[in-house]
Amino acid sequence: QSVLTQPPSVSAAPGQRVTISCSGSSSNIGNNYVSWYQQLPGTAPKLLIYDNNKRLSGIPDRFSGSKSGTSATLDITGLQTGDEAIYYCGTWDSSLSAGVFGGGTELTVL
Amino acid sequence: QVQLQESGPGLVKPSETLSLTCTVSGGSISSYFWSWIRQPAGKGLEWIGRFYTSGTTDYNPSLKNRVTVSVDTSKNQFSLKLSSVTAADTAVYYCARDWSGWYFDLWGGGTLVSVSS
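Residues numbered from 1 in each chain as written. Chains lettered and ligands numbered in written order. Predicted model: local features only at pLDDT ≥ 70, side-chain atom pairs only at ≥ 80, totals over all residues. Heavy atoms only, no water.

1. Examining the sheet that holds strand E6 (residues 63-68) of chain A
Residues and elements named next belong to chain A. Here is the rule: Criterion used throughout: strands pair if DSSP finds at least two bridges between them. A run of H or I in DSSP counts as a helix once it spans at least four residues, and a run of E counts as a strand once it spans at least two, with each numbered from the N terminus. Note on definitions: angles span 0 to 180 degrees between N-to-C directions of axes, and those axes are lines fitted to C-alpha atoms, for helices only across the stretch in contact.
The three strands lie next to each other as E2-E7-E6, forming an open sheet whose pairing is antiparallel. Looking along the sheet, the strands with just one partner apiece sit at the ends: strand E2 (18-23) and E6. The mean angle between the axes of side-by-side strands here comes to 20°, regardless of whether they run parallel or antiparallel. Bridge count between E6 and strand E7 (residues 71-76): six bridges; the pairing is antiparallel. Opposite Gly65, over in E7, you have Leu74 as the bridge partner.

See the structure below:
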């Protein structure tokens, strides 16, 4: 049971837009920065978004992040087949004094 | 550029201690948080714990009694020890550079550790 809640899967057609949600609480998302990671099969997670909405250098602007209250969102526009991966949100939990992640969302580009 | 590489035994017996090392190359280990994160096959990411080079440590409450993270700045390495392992500790273990727990910008390639007799 992950501290942060993500939908298990999302799907959309190439060129379309998809939104992945991440829900938490005041002890984590509500009072800390959120990050997003992309994990391709058999590889380590790769940081996409940090500090809620900053893209790591080299990440296409098709990827964007936002946060409101105790929830965060990753938006991916202009979907490509290469975007098929599992996406994780993460942050710090001030009550647990621990890093926490969502359970991951598998993106399928139909 | 800075790179991380995990190393250690791929097989550990139940009740023994899992020991892994992460070597940081291309940059200094000083003045950063360094974390360990694991991922059982087909499952999500679990943060294990971290060390700051000043000596501060934080651990996942669910693993706290079994985990030790330490740093050897002279070797630019940091280590993980997880005691009394069971099959539930079988996972790919990653080391990562940690920015206050808010994000992990550099990751090692991961190393699979299986717990089995």
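This is not the end of the story, as more comes after the structure.
2. Digging into the nonpolar core
Applied cut-off: Here, nonpolar core means buried Ala, Val, Leu, Ile, Met, Phe, Trp, Tyr and Cys residues that are tied together by side-chain atoms lying within 4.5 Å of each other. Exposure categories follow from relative accessible area, calculated using a 1.4 Å probe and restricted to protein chains: below 20% of the type maximum is buried, above 50% is exposed, and the middle band is partly exposed. We call two residues in contact when some of their heavy atoms are within 4.5 Å.
Core analysis: the largest hydrophobic core is formed by 24 residues, its most contacted members being B:Leu18, B:Trp36, B:Val67, B:Phe78, B:Leu80 and B:Tyr93. Setting aside chain neighbours within four positions, we find B:Tyr93 in contact with B:Glu6, B:Leu18, B:Leu20, B:Ile37, B:Arg38, B:Ile48, B:Leu80, B:Leu82, B:Gly110, B:Thr111 and B:Val113.

3. Side note on the interface of chain A and chain B
Worth spelling out the cut-off: Accessible area, probed at 1.4 Å, shrinks when two parts are joined; the buried area is that loss added up over both. By salt bridge we mean one thing: a side-chain nitrogen of Lys or Arg within 4 Å of a carboxyl oxygen of Asp or Glu. Think of a polar contact as two N or O atoms within 3.5 Å of one another; within protein, one of them needs to be a possible hydrogen donor and the other a possible acceptor, and neighboring residues in sequence only count if both atoms come from side chains.
Counting residues at the interface gives 22 residues for chain A, matched by 22 residues for chain B. Buried surface at the junction of chain A and chain B, both sides included, amounts to about 1600 Å², of which 66% is carbon and sulfur. Together, A:Pro45, A:Trp92 and A:Phe101 form the three largest contributors to the area buried by chain A at its contact with chain B, with a combined 33%. Remark: the boundary between chain A and chain B carries zero salt bridges. Inspection of the chain A/chain B interface yields six residue pairs in polar contact (both at pLDDT 80 or more). Among the secondary structure elements, those contributing two or more residues to the side of chain A that touches chain B are strand E3 (35-39), strand E4 (46-50), strand E8 (85-93) and strand E9 (98-101) of chain A. In terms of residues, the side of chain A that touches chain B owes the most to one element, E8(A), which gives four residues.

Treat this as a map of the structure, not an account of what it does.
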